[in-house]
Amino acid sequence: MYWSMSRINHSCAPNTVIVSARGKLSLKVLRNIGAGEEVSISYLGQELLYPTEQRQWLLWRSKCFVCKCARCASKCDPLRARPCRTCTTRGNIRWKVVNKPGVWCRQTPSTKAQARGFKKQGTIVHTTGEETVTEEGQWVKCQDEEEIIWILVHGEKLGLGQLICPDSDAGANHQPSLGMLSKQYKFLRGDNGEHFVYDQQCLSSLRLPNAVILSSAGCQDDVYMQFGDGRWHCSKCGSTEDSSKLLAAEKLLSQLVQRSFTISMSEHQRVDTNDQTITIVKDAWIIQALQLADDILEVCGPRHWAWNWSLLLAVDLSLSMIKYTNSNVANSNDFRENMMMHLLEIWHWLGSLDMSHDPAFFLFSRAEKAVERCSNMTHSKYWKELHQLVENDKPPATGLALREFIPESQMQVS
């Protein structure tokens, strides 16, 4: 059966996709195919949104070959991009000392230079705008009364964590806070069991300062460090990060996401409704999953694949609650706005990856259901953008099914 189709080779950046209609298979083109270019498909589904190492391992395990397509052979893996501490904080004037008990001020940008004072934790320092990067990390030049001093930003090379960070309260009445997914679902209850086992304390020295994450979320590509050859490298300022502690933390967090967020959730209870089967998940599992997601954001930043899979989990949860529960939370405009905003964030992230598949291939069904289930939100800018995408970007095939699941505590308001 399907003699011709079965001979098409795999690529993680395929130029066609197989579609089925009335018992017949056909190919739909995903992009222009040049003369002499081999026709390819992907043997992967949702796994196309995994980093290179995971994709290659899955293909080796299931198909017994090591993928060497153009995407896998690329020197950089954009799915593991991480904000550059130097570029995203450049130009900040007010900095706060966050290291306990404080930081040393130096005459020149070197820990071996003469000490020119000590700033206690919580102290605000004012920079001149001049910065430099040495083997020890990023240094900022500060004006201290009549004296010029230098302060190291991050002590990773010295076995320390963040020393100073941009003062997030400067020049703004309000800034979004981290832990946002946990806070959006603070109405959930349940603390029994350890569903995601990892040491949060070990992540403390690896967390990006709030201002880095918040400022990098909408920034251009050149403020992100790309991953390649076992390290993160910024092409703009030349900074690199390759500590074994950071690599180990990213690997652990990614494994937890891959094992728990990107599967069918078959380990949870299922209930039949009038039109389909939905999954009932323990509140404690969701609470811990959202905390894991927030930790991923703080360590890896908003363009890392693990964070965007976490957002996808939150989107599916919100879409399910809107349809299957009648709670005040799910009916609130803020709840629906956040869901649509997160969905668009994932859509734009996918669009930035330069993949063969359009973002609609992965997200169209969610966008369609968001427009339908939030039909009372036509005034929202997020609803309008999603509606336009649904009208204009219907894909020939879809590759990432919506997971319908609700928290156990919300069954009583269904």
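In case you missed it, the structure is sitting above this.
What you see is a predicted model, and the numbers here were worked out from it, not measured in a lab.

*Asks:* What is the right way to read the sheet that holds strand 18 (residues 405-407) from this model?
*Replies:* Strand pairing in a sheet relies on backbone hydrogen bonds, with the paired strands running either antiparallel or parallel. A sheet is described by the order of its strands in space; here three strands give the open sequence 16-17-18, paired in mixed fashion. The open sheet is flanked by strand 16 (269-272) and strand 18, the only strands paired with a single partner. When the angles between neighbouring strand axes are averaged without regard to direction, this sheet yields 35°. Two strands pair when backbone bridges link them, and strand 16 and strand 17 (residues 277-281) are joined in this way by four bridges, in the antiparallel orientation. Across the sheet, residue Gln269 finds its bridge partner in strand 17, namely Ile280. Strand contacts of helix 8 (residues 305-324): strand 17 and strand 18, with the helix running at about 80° to strand 18, the strand carrying the most contacts.

*Asks:* Please explain the layout of surface pockets as it appears in this structure.
*Replies:* Space left empty within the atom packing is revealed by a probe, the size of a water molecule, rolled over the atoms. By volume, the second largest pocket amounts to about 310 Å³. Forming the boundary of the second largest pocket are 22 residues, of which Pro78, Leu79, Ser352, Leu353 and Asp354 lie nearest the centre. Going through the elements one at a time, helix 1 (52-63), helix 2 (70-73), strand 5 (77-83), strand 13 (224-228) and helix 10 (333-352) are the ones with two or more residues in the lining of the second largest pocket. Looking at the lining of the second largest pocket, the element that brings in the most residues is strand 5, giving four residues. Of the residues belonging to the lining of the second largest pocket, the class tally is eleven nonpolar, five polar and six charged.

*Asks:* Explanation requested: the packing of helix 11 (residues 359-373) against helix 12 (residues 381-392) in the structure shown.
*Replies:* In a packed pair of helices, the relevant descriptors are the angle between the two axes and the axis-to-axis distance. Relative to each other, helix 11 and helix 12 sit at 130°, their axes nearing to 9 Å. One element, helix 11, and the other, helix 12, form an angle in the oblique class. Here helix 11 runs over helix 12; the crossing is left-handed. Contacts between helix 11 and helix 12 involve Phe364, Ala367, Glu368, Ala370 and Val371 on the former and, on the latter, Trp383, Leu386, His387, Leu389 and Val390.

*Asks:* I tried to follow the pairing of strand 13 on my own but got confused; where do I start?
*Replies:* A regular strand places its side chains on the two faces of the sheet in alternate fashion. Burial runs high along strand 13: four of the five residues are buried. Sheet topology note: the strand 5/strand 13 ladder contains three bridges and is antiparallel. Across the sheet, Pro83 pairs through a bridge with Tyr224, a residue of strand 13. Bridge analysis of strand 13 against strand 14 (residues 231-233) gives three bridges, and the strand direction is antiparallel. By the bridge assignment for strand 14, Phe227 is matched with Trp232. In this antiparallel pair of consecutive strands, strand 13 and strand 14, the connection spans two residues, and Asp229 shows a positive phi of 55°.

*Asks:* Can you walk me through the nonpolar core in this structure?
*Replies:* General note: in soluble globular proteins, nonpolar side chains tend to be found buried as a group. Of all hydrophobic cores here, the largest spans 95 residues; its most connected members are Trp285, Phe362 and Leu386. The greatest single-element share of this core, amounting to 14 residues, is contributed by helix 8. Formed by 15 residues, the second largest nonpolar core is a distinct cluster that contains Cys105, Val125, Trp139 and Leu152.

*Asks:* Whenever I open this one, the environment of Cys64 confuses me. Can you help?
*Replies:* Secondary-structure assignment places Cys64 in the loop between helix 1 and helix 2. When the C-alpha positions of Cys64 and Ala367 are compared, they lie 36 Å apart, and in sequence the two are 303 residues distant.

*Asks:* Any chance you could explain the packing of aromatic side chains here in plain terms?
*Replies:* Per the stated rule, a full pass over the model turns up eleven aromatic pairs. Their ring planes at 65° and their centres at 6.4 Å tell us that Phe261 and Trp285 sit as a pair that is edge-to-face. Here Phe261, found in the loop between helix 6 (244-260) and strand 16, pairs with Trp285, found in helix 7 (residues 283-300); they are 24 residues apart in sequence, far enough to count as distant. With relative accessibility at 0%, the residue Phe261 sits in the buried group. One aromatic cluster is present, built from ring pairs that chain together Tyr50, Trp305 and Trp309. Stacked on the ring of Phe227, the Lys or Arg Arg80 has its end atom at 3.6 Å from the ring centre.

*Asks:* Just checking my understanding: could you explain empty space enclosed by the protein for this structure?
*Replies:* Within the structure shown, the criterion is met by one cavity of 30 Å³ or more. Each pocket or cavity is described by its volume, and for the largest cavity that value is around 50 Å³. In this structure, the largest cavity is lined by Leu49, Trp305, Asn308, Trp309, Leu312, Ile346, Trp349, Leu363 and Leu400. Contributions of two or more residues to the lining of the largest cavity are made by helix 8 and helix 10. Of the residues forming the lining of the largest cavity, the biggest block, four residues, is contributed by helix 8. Here the lining of the largest cavity is built from residues that sort into eight nonpolar, one polar and no charged.

What counts, and where the lines are drawn
Residues numbered from 1 in each chain as written. Predicted model: local features only at pLDDT ≥ 70, side-chain atom pairs only at ≥ 80, totals over all residues. Heavy atoms only, no water. Pairing = 2+ DSSP bridges. Helix = DSSP H or I, 4+ residues; strand = E, 2+ residues; numbered from the N terminus. Axes fitted to C-alpha atoms, helices over the stretch in contact; angles between N-to-C directions. Contact = heavy atoms within 4.5 Å. 1 Å grid on protein atoms, 1.4 Å probe; cavity = no way out; pocket = protein on both sides within 12 Å on 5 of 7 lines; lining within 4 Å. Points joined across faces, edges and corners; volume = space filled by probe spheres on them. Nonpolar A, V, L, I, M, F, W, Y, C, P; charged D, E, K, R; others polar. Parallel < 35°, antiparallel > 145°, perpendicular 65-115°, else oblique. Left-handed = near helix turned anticlockwise from the far one by under 90°. Buried < 20%, exposed > 50% of the residue type's maximum accessible area, 1.4 Å probe, protein only. Core = buried A, V, L, I, M, F, W, Y, C linked by side-chain atoms within 4.5 Å. Phe/Tyr/Trp six-rings, centres within 6.5 Å; stacked < 30°, edge-to-face > 60°. Lys NZ or Arg CZ within 6 Å of the ring centre and 35° of its normal.

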